[in-house]
Amino acid sequence: MDKIYRIIWADDEIDALLDENSKALLSKQHVEAIKCNNAAMLEEKLKNVNHRIDAVIVDANFTAKKFTPSDEKEVSGLRKAMLLRERYESIPFYLYTQRVNLSDLVDEEELSYFKDDNAIFFKGNGLLPLLDRIKNDVDKYNSAEFQIDNQFEKELNYFQTFDKQCDAKSYELVRGLLIQSRVCSLTEAENYFNQFRSEILENMNAVAAHFGIVPKGLSLNDFSRFLCSKAENYKPKEEVLPKALHMLMEYVVRMVQDGSHKRGNIQYGVHQFVSKYNDTLIIQSLLFAIIELMSWFIPYLATHIDKQVNLANWHKVE
């Protein structure tokens, strides 16, 4: 079944625009259009339509209210549409106009949204270029990749910063897992324990040691104990990892260490459990715990770059 793209189209000449040829083109492009001839109707449709709206098309010259006659310089509808765009920010708006020069009607700031997004289309070029653009944008906005990059922009930036510190590939790992989790395509979850350990935890330990935040040569277990103020051989003068994250750090290190081993000296049998039951929730819980820890680590690192000051924050217990 072909995907249907649902739009609202606001124009004071909408009945003339949606002639038989336009309707045939919309049908061929699998686009359903709800028509409005003023901004009041546009607001009503955005509020009350009981299915998803993928995009909105507006004219440059149309009215804000019902039964208000329009003229060639009427832009009250466009200005009202811009307010609606801010309210429905997840829906893209497109300007479809006969006018090539709009500067005599509205100023640059009012058109900035359309200009910045390259979302101004001219009726003289026909409807097809606009429909193609809408479909491409909707497919992009609805993709898991786009949604993840927007939802986790700040957190993913932390992993990019981290990778530059230690030449790791944590960004690819975390972003890929977030996308797989979003589309429910995560498989072979038992293989990610090793990647969590080698790409993230061991590199976090190495970077922290490089800046003197922790002693050099700590095992992952000792690294966790140091950050949680539980190390037997080292005593920090002040808290490094916030107490609220102590249990999270211990959980991540213990589970990743245990899950990295298929057999031998293991305590919990995490790898076997995940493999046997095709469990993905443990990996997802570790993924978000690691995101939380990295969201602490990178800002902490940014304010603790003086190695000598960091070294003075702890001492070895004789």
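Heads up: the structure comes first, above all this text.
Quick caveat: nothing in here was measured; it's all calculated off a predicted structure.

Asks: Describe the overall build of the chain, listing the residues and the values that go with them.
Replies: Per the secondary structure count, the chain includes 15 helices and 7 strands. For the chain, the C-alpha radius of gyration of 28 Å lies well beyond 20 Å, the compact-globule estimate for 318 residues. Its C-alpha atoms give the chain principal-axis dimensions of roughly 90 × 45 × 30 Å. By the burial criterion, 47% of the 318 residues in the chain qualify as buried.

Asks: Before we move on, could you go through the side chain of Asn 203 and cite the residues and values that matter?
Replies: Within the secondary structure, Asn 203 is located in helix H10 (residues 192–210). Polar side-chain contacts of Asn 203 include one of 2.9 Å to the backbone oxygen of Glu 199. Apart from the residues lying within four places of it in its own chain, the contact partners of Asn 203 are Phe 162, Cys 166, Ala 168 and Ser 198.

Asks: Help me get a handle on the packing of aromatic side chains, residues and values and all.
Replies: If you walk through the whole model with that rule in mind, you get 11 aromatic pairs. Geometrically, the ring pair formed by Trp 296 and Tyr 300 is tilted, given 5.2 Å between the ring centres and 35° between the ring planes. Highlighted residues: Trp 296 and Tyr 300, both in helix H14 (residues 281–302), separated by 4 residues, approximately one helical turn. Taking relative accessible area as the criterion, Tyr 300 reaches 11% and is therefore assigned buried. Taken together, Phe 162, Trp 296, Phe 297 and Tyr 300 form an aromatic cluster joined through their ring pairs. The ring of Tyr 113 has Arg 85 lying over it, and the distance from NZ or CZ to the ring centre is 4.0 Å.

Asks: Tell me about the pairing of strand E1 (residues 5–10), residues and numbers included.
Replies: For E1, the tally of buried residues reaches 5 of 6 residues, placing the bulk of the element in the interior. Across 6 bridges, E1 lies against strand E2 (residues 31–36) in parallel orientation. Across the sheet, Tyr 5 pairs through a bridge with Val 31, a residue of E2. Two strands pair when backbone bridges link them, and E1 and strand E3 (residues 55–58) are joined in this way by 4 bridges, in the parallel orientation. Opposite Ala 10, over in E3, you have Val 58 as the bridge partner.

Asks: Could you give an account of the nonpolar core, with specific residues and numbers?
Replies: The biggest cluster of nonpolar side chains holds 60 residues, and the ones touching the most others in it are Phe 196, Ile 200, Val 214, Leu 227, Met 294 and Phe 297. Contributions of two or more residues to this core are made by helix H7 (144–151), helix H8 (153–166), helix H9 (170–182), H10, helix H11 (220–227), helix H12 (246–259), helix H13 (270–277) and H14. The dominant element in this core, judged by the number of residues it contributes, is H14, at 14 residues. Every residue in contact with Ile 200, bar those within four places of it in the chain, is listed here: Phe 159, Phe 162, Ser 170, Leu 173, Val 174, Gln 195, Ile 290 and Met 294. Core analysis: the second largest hydrophobic core is formed by 45 residues, Leu 46, Val 56, Ala 60 and Ala 119 among them.

Asks: So, H12: which residues are in play, and what are the values?
Replies: Helix length check: H12, at 14 residues, gives a terminal C-alpha distance of 20 Å against a target of 20 Å (1.5 Å per residue), a fit within 8%. Most of H12 sits out of view: 10 of its 14 residues are buried. Buried within H12 are the following residues: His 246, Met 249, Glu 250, Val 252, Val 253, Met 255, Val 256, Gln 257, Asp 258 and Gly 259. Against H10, H11, H13 and H14 lie the buried residues of H12.

Asks: So what's going on with the packing of H9 against H14? Residues and values would help.
Replies: H14 packs onto H9 with a crossing angle of 135° between their chain directions and a minimal axis gap of 11 Å. Looking at the two axes, H9 sits oblique to H14. For the element pair H9 and H14, the recorded crossing hand is left-handed. In this structure, H9 contributes Val 174, Leu 177, Leu 178 and Ser 181 to the contact, and H14 contributes Ile 283, Gln 284, Leu 287, Phe 288 and Ile 291.

Asks: Requested: an account of the sheet that holds E3, with residues and values cited.
Replies: The sheet built from 5 strands is open, its strands ordered E2-E1-E3-E4-E5 with parallel pairing. Two strands bound the open sheet, and with one partner strand each, they are E2 and strand E5 (120–122). Across the sheet, the mean angle separating the axes of adjacent strands is 25° when strand polarity is ignored. Against the sheet, helix H3 (residues 39–48) touches E1, E2, E3 and strand E4 (93–97), its axis set at about 135° to E2. The sheet strands contacting helix H4 (residues 76–87) are E3 and E4, and the helix crosses E4 at an angle near 165°.

Asks: Just give me the short version of the pattern of salt bridges, but keep the residues and values in it.
Replies: Tallied over the full model, the rule gives 13 salt bridges. Across the pair Lys 123 and Asp 59 runs a salt bridge whose closest N-O atoms are separated by 3.6 Å. Taken as a pair, Lys 123 in the loop between E5 and helix H6 (128–141) and Asp 59 in the loop between E3 and H4 lie far apart in primary sequence, 64 residues in all. We note that Lys 123, like Asp 59, is buried. Between Asp 137 and Arg 133 there is a salt bridge, and its shortest N-O distance comes to 2.7 Å. Separated by 4 residues within a single helix, Asp 137 and Arg 133 lie in helix H6, roughly one turn from each other. Both residues of the pair, Asp 137 and Arg 133, belong to the buried class. Residues joined in a network through salt bridges with shared partners are Asp 11, Asp 59 and Lys 123.

Quick notes on the rules
Residues numbered from 1 in each chain as written. Predicted model: local features only at pLDDT ≥ 70, side-chain atom pairs only at ≥ 80, totals over all residues. Heavy atoms only, no water. Helix = DSSP H or I, 4+ residues; strand = E, 2+ residues; numbered from the N terminus. Rg over C-alpha atoms; globule rule 2.2 N^0.38 Å. Buried < 20%, exposed > 50% of the residue type's maximum accessible area, 1.4 Å probe, protein only. Polar contact = N/O pair within 3.5 Å; in protein donor to acceptor, adjacent residues only side chain to side chain. Contact = heavy atoms within 4.5 Å. Phe/Tyr/Trp six-rings, centres within 6.5 Å; stacked < 30°, edge-to-face > 60°. Lys NZ or Arg CZ within 6 Å of the ring centre and 35° of its normal. Pairing = 2+ DSSP bridges. Core = buried A, V, L, I, M, F, W, Y, C linked by side-chain atoms within 4.5 Å. Expected span 1.5 Å × (residues − 1). Axes fitted to C-alpha atoms, helices over the stretch in contact; angles between N-to-C directions. Parallel < 35°, antiparallel > 145°, perpendicular 65-115°, else oblique. Left-handed = near helix turned anticlockwise from the far one by under 90°. Salt bridge = Lys/Arg side-chain N within 4 Å of Asp/Glu carboxyl O.

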